[in-house]
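What follows is each chain in one-letter form.
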Amino acid sequence: MRNSLKLFLCLAALILTATAASAQQAGRSFVETPDSDYFGFDLRAEEDVSLDQCKAACLASPACRAFTYNQSARFCFLKSDFGPLQPFTGAIAGRVVNQSGGADLGAPPRLTYVPQYLQRRARQFRERLAANSTLPTHRGFTALLQSARQNLSAQQLTAMIADYTAALKIDPADVSAWLEFSDAARVQRLTVPGQSSQMTQLATSAALNGYLRSRTAVDRAAALARVAKALSVQGQFRPALTAYKQSLALNNLPAERAIFAELRRKYGFRVVNHTVDSDSRTPRVCVQFSENLEKKTSYESYLSVDGRPAKAMDVKGKQLCAEGLAHGQRYQIILRQGLPSTVEEALLADVALNVYVRDRKPSARFNGSGFVLPASARRGIPLITINTDKAELKLYRVGQRALAPLLRGSTVLQRLSRWEVSDL
């Protein structure tokens, strides 16, 4: 009988171990803390078991969220939920985490493209959360999340925020809770009048804090997608596009790719304007883009004028100019798909511009901008006109005394050999 009991216990241990391995493969594992206890929320107790058997029993039960294992007594207390960790010498506390799968990527790299003030707000929110000692502890982490979801459905804004912050106070390392909070705040931004700014800030801070705790490709991709969404609602389209690119590189989800493609179409690298410089002696058409162009790239193959390469081109900053045009002519400018930029994006499709280079505006000007001084041999003042043969002019005589304050002490006096300073 005793041998049968031993055999039964061995078989039970093997079954629990196999179940635990299966659960871990499904994505459930533990975060363990020595000399600690998750007080309350007892589901049941297992006597005279090892730590591995305790963990296997928890993983085998869908209702188990955590455990406390007393090493000296070999007692295992399975928990239906968990609150803040309490110190307990000789005990090991563990909580179940649902791993998204994949290798541990380590600490996430810094998001240099996210504005510093947004990263500072996220850090301050995290620090205030850690320092807050007034958050309720009578409810467990899972119960708080369920309550937060109910308050979200009922649009109870204050209660929803309190529930999420209390849950994250208990477990600030839970990536999915941070991202769920970010999603909830973003939804409330659209449904609660007068709270858009606060909800936008919460959505951004929660997404950034979730990203900082991500360790796997799936979690990090999900966090970056939330960061992108939060940035886009603030009009930070370029950083949002960068975050989406990084997210899709880690986990190419069709739904997120569709959102990125629409955002890219509207706010990615594109033509934003064009101008026609008709009043210069050699007119040109300049196209303005949303991002800077590569100076070292040859753009001849990406721009044509009436189906032929431009006679000359000028690239500067966000502007590309086709030169060598003629006044009074109409041109078709084609910017071809694939035209590159400095942000690793190219034109998504050909852009056609029909432009007309009008004649220069009628104008008249003097040849130079210096003073006109009298000369006995001169009978006229040179005047340059454009597209006109008439000009209305007024001639004013400026006396020497009026010129004296301008000329006194000037090097111009050194060139006026006919006048002396005393004469002025």
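Computed from a predicted structure; not experimentally measured.

**Regarding the pattern of salt bridges**
Under the counting rule described, the total for this entry stands at 22 salt bridges. For the salt bridge of aspartate 42 with lysine 79, the shortest nitrogen-to-oxygen distance reads 2.5 Å. Here lysine 79 lies in strand β4 (residues 75-79) and aspartate 42 lies in strand β2 (residues 42-46), a separation of 37 residues in the sequence. Using a relative accessible area of 3% as the deciding quantity, one classes lysine 79 as buried. For the salt bridge of lysine 55 with aspartate 52, the shortest nitrogen-to-oxygen distance reads 3.9 Å. With lysine 55 and aspartate 52 both in helix α2 (residues 51-60) and three residues apart, the pair spans about one turn of that helix. Note on lysine 55: relative accessible area 17%, which makes it buried.

**Brief notes about the pairing of strand β6 (residues 271-277)**
Side-chain positions along a regular strand alternate between the two faces of the sheet. Two elements, β6 and strand β7 (residues 284-289), share six bridges in a ladder whose sense is antiparallel. Across the sheet, residue histidine 274 finds its bridge partner in β7, namely valine 287. Hairpin geometry of β6 and β7 is characterised by an intervening segment of six residues between the two adjacent antiparallel strands.

**Details of the environment of cysteine 321**
Structurally, cysteine 321 can be placed in strand β11 (residues 319-323). Excluding residues within four positions of it along the chain, cysteine 321 makes contact with Arg284, Val285, Cys286, Ala312, Met313 and Asp314.

**Looking at helix α3 (residues 116-131)**
Taking 1.5 Å as the rise per residue, α3 with 16 residues should run 22 Å; its terminal C-alpha atoms sit 23 Å apart, in good agreement. Residues of α3 that are buried: Leu118, Gln119, Ala122, Phe125 and Leu129. Along the long axis of α3, the arc covered by the buried residues comes to 120°, so they all point the same way. Residues of α3 that are exposed and angled more than 90 degrees away from the buried face: Arg128, Ala130 and Ala131.

**Quick look at the sheet that holds strand β13 (residues 351-357)**
Strands sit in the order β9-β8-β12-β13 across an open sheet of four strands; the sheet is antiparallel. Strands at the two margins of the open sheet, each flanked by one partner only, are β9 (308-309) and β13. Here strand β12 (residues 329-335) pairs with β13 via seven bridges, running antiparallel. From the neighbouring strand, isoleucine 333 faces β13, where its bridge partner is leucine 353.

**Focus: the state of the cysteines**
Throughout the structure, instances matching the rule amount to three disulfides. Each sulfur in the disulfide pair cysteine 54 and cysteine 76 lies 1.9 Å from the other. A torsion of 65° about the S-S bond marks the disulfide between cysteine 54 and cysteine 76 as right-handed. With a gap of 22 residues between them, cysteine 54 in helix α2 and cysteine 76 in strand β4 connect regions that are remote in the sequence. Owing to a relative accessible area of 0%, cysteine 76 belongs among the buried residues under this scheme. Covalently, cysteine 286 is tied to cysteine 321 through a disulfide, its sulfur atoms 2.0 Å apart. For the disulfide bridge between cysteine 286 and cysteine 321, the dihedral angle about the S-S bond is near 110°, and by the sign convention the bridge is right-handed. Note that cysteine 286 is positioned in strand β7 and cysteine 321 in strand β11, a separation of 35 residues in sequence. Here cysteine 286 and cysteine 321 have matching classes, each one buried.

Criteria and cut-off values
- Residues numbered from 1 in each chain as written.
- Predicted model: local features only at pLDDT ≥ 70, side-chain atom pairs only at ≥ 80, totals over all residues.
- Heavy atoms only, no water.
- Salt bridge = Lys/Arg side-chain N within 4 Å of Asp/Glu carboxyl O.
- Helix = DSSP H or I, 4+ residues; strand = E, 2+ residues; numbered from the N terminus.
- Buried < 20%, exposed > 50% of the residue type's maximum accessible area, 1.4 Å probe, protein only.
- Pairing = 2+ DSSP bridges.
- Contact = heavy atoms within 4.5 Å.
- Expected span 1.5 Å × (residues − 1).
- Arc of directions from axis to C-beta.
- Disulfide = S-S within 2.5 Å.

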